[in-house]
Amino acid sequence: CQFFTSCVEIIGQEFIQHDPLQTANILQIILSQRSVGKLLAPLFNPNSCSSQFLSMYGSVGEVAVKEGPEIAFSVLTKFNLAQWFDEASPSVVDCRTLLDYVFHGIKFCGQSSSFEEKALLGAYMLHMKQLVDYQFPLLYNEALHHLIEGTETAEILPQCWKELINVVMPSDPSHSDSCRLGIQQVSESGQYLAEHFTQKRFYTQESLFEVISVDFIIKIARFMSMLATALLTKSLASVELENISSTQALGEYWDWIINLFSPWIFPIQHSESSPVLFPCNIEE
């Protein structure tokens, strides 16, 4: 058995590992024949075949759903995204496709309990962070939409919000000037969140504190706080440069803040004849 294993390793390293024509074939054998998966996994080098990088990545996610996380993890760790960025210079479309695959995997892992699922989730989370960080803010909006969607269905972990925050503001959050978003992107992000959660309150007819778990609320609140602090800092800097009235700028900033947090703190109603929807349960 040891002799056979050694032969496979030697032949594989010499003739297969760096041959792009064999990469997809090796992956299919690994995923379809689990008995030899561990033996062949070291020979799998997806970066040697950039033309099929995306399709192979998607195949791993499909196998994770059908066969379980163990074999998927051993293969997923072979995908070197940093090398792919440098060597393939992927298009925006390719990056978005890969981000879709990554979030599909994150949602599969969900509220992971087993060691194997947690390991697989960790690999997907790392890839999510690398993708969002690549040519930031290229995929920022897409990632934010994925997080909102995953929060709605509770298919992701609150940790995903933390990872996005770490990319947007990689240094100490108390230093607001470290936010990597421009003032327009910060403003648009706040508007998007305000509209989404306002519509959710109208649609569910319930308090956001009832339909979203506290773990998610904590991370979302931190994200909104980061946006608010960044907008204030960037707005004041803009005031100094453009010689705009600080009173006018702060007034516009305050309106934006109220709009951002209003779905969480203000009563709302569709019309004068409709019932008032309070932000939390009020017992008589």
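The structure presented is a predicted model; accordingly, all values stated were derived computationally and were not measured. (Residues numbered from 1 in each chain as written. Predicted model: local features only at pLDDT ≥ 70, side-chain atom pairs only at ≥ 80, totals over all residues. Heavy atoms only, no water.)

1. Regarding the nonpolar core
Line of reasoning, step 1. Counting 77 residues, the largest nonpolar core has Phe 79, Ile 106, Tyr 140, Leu 164, Leu 193, Phe 223 and Leu 227 as its most contacted members.
Line of reasoning, step 2. By residue number, the principal contributor to this core is helix α13 (residues 214-242), which donates 10 residues. (Core = buried A, V, L, I, M, F, W, Y, C linked by side-chain atoms within 4.5 Å. Buried < 20%, exposed > 50% of the residue type's maximum accessible area, 1.4 Å probe, protein only. Helix = DSSP H or I, 4+ residues; strand = E, 2+ residues; numbered from the N terminus.)

2. Concerning a nonpolar patch on the surface
Line of reasoning, step 1. On the surface, Trp 254, Ile 258, Ile 265 and Phe 266 cluster together into a nonpolar patch covering about 400 Å² of accessible area.
Line of reasoning, step 2. Mapped onto the elements of the fold, Trp 254 is located in helix α14 (residues 246-265).
Line of reasoning, step 3. According to the relative accessible area criterion, Trp 254 is exposed, its value standing at 52%. (Patch = residues over 30% accessible without salt bridge, like charges linked within 9 Å, V, L, I, M, F, W, Y side chains within 5 Å. Areas by Shrake-Rupley, 256 points an atom, 1.4 Å probe, with all protein chains shown as cover. Salt bridge = Lys/Arg side-chain N within 4 Å of Asp/Glu carboxyl O.)

3. Concerning helix α5 (residues 69-76)
Line of reasoning, step 1. All of the buried residues along α5 are Pro 69, Ile 71, Ala 72, Val 75 and Leu 76. Projected down its long axis, α5 carries its buried residues within an arc of 165 degrees, all on one side. (Arc of directions from axis to C-beta.)

4. Considering the pattern of salt bridges
Here the idea is simple: oppositely charged side chains can pair when their charged atoms come close.
Line of reasoning, step 1. Under the defined criterion, the tally for this structure stands at five salt bridges.
Line of reasoning, step 2. Across the pair Arg 180 and Asp 133 runs a salt bridge whose closest N-O atoms are separated by 2.7 Å. Of the two residues, Arg 180 sits in the loop between α10 (159-168) and α11 (183-204) while Asp 133 sits in helix α8 (residues 115-133), which places them 47 residues apart along the sequence.
Line of reasoning, step 3. The shortest N-O distance in the salt bridge between Lys 200 and Glu 152 comes to 2.9 Å. Here Glu 152 lies in helix α9 (residues 140-153) and Lys 200 lies in helix α11, a separation of 48 residues in the sequence.

5. Things to note about the side chain of His 127
Line of reasoning, step 1. Tracing the backbone through its elements, the reader meets His 127 in helix α8.
Line of reasoning, step 2. Residues contacting His 127, with those up to four places away along its chain left out, are Tyr 57, Leu 76, Phe 79, Leu 81 and Val 102. (Contact = heavy atoms within 4.5 Å.)

6. Here we look at the packing of aromatic side chains
The description of two aromatic rings rests on the distance between their centres and on the angle between their planes.
Line of reasoning, step 1. Counting across every chain of the model gives 11 aromatic pairs.
Line of reasoning, step 2. Aromatic pair Trp 161 and Phe 223: ring centres 5.4 Å apart, planes at 70 degrees, arrangement edge-to-face. Note that Trp 161 is positioned in helix α10 and Phe 223 in helix α13, a separation of 62 residues in sequence.
Line of reasoning, step 3. Of the residues examined, Trp 161 reaches a relative accessible area of 0% and is grouped as buried.
Line of reasoning, step 4. In this structure Phe 223 comes out as buried when scored by relative accessible area, which is 0%. (Phe/Tyr/Trp six-rings, centres within 6.5 Å; stacked < 30°, edge-to-face > 60°.)

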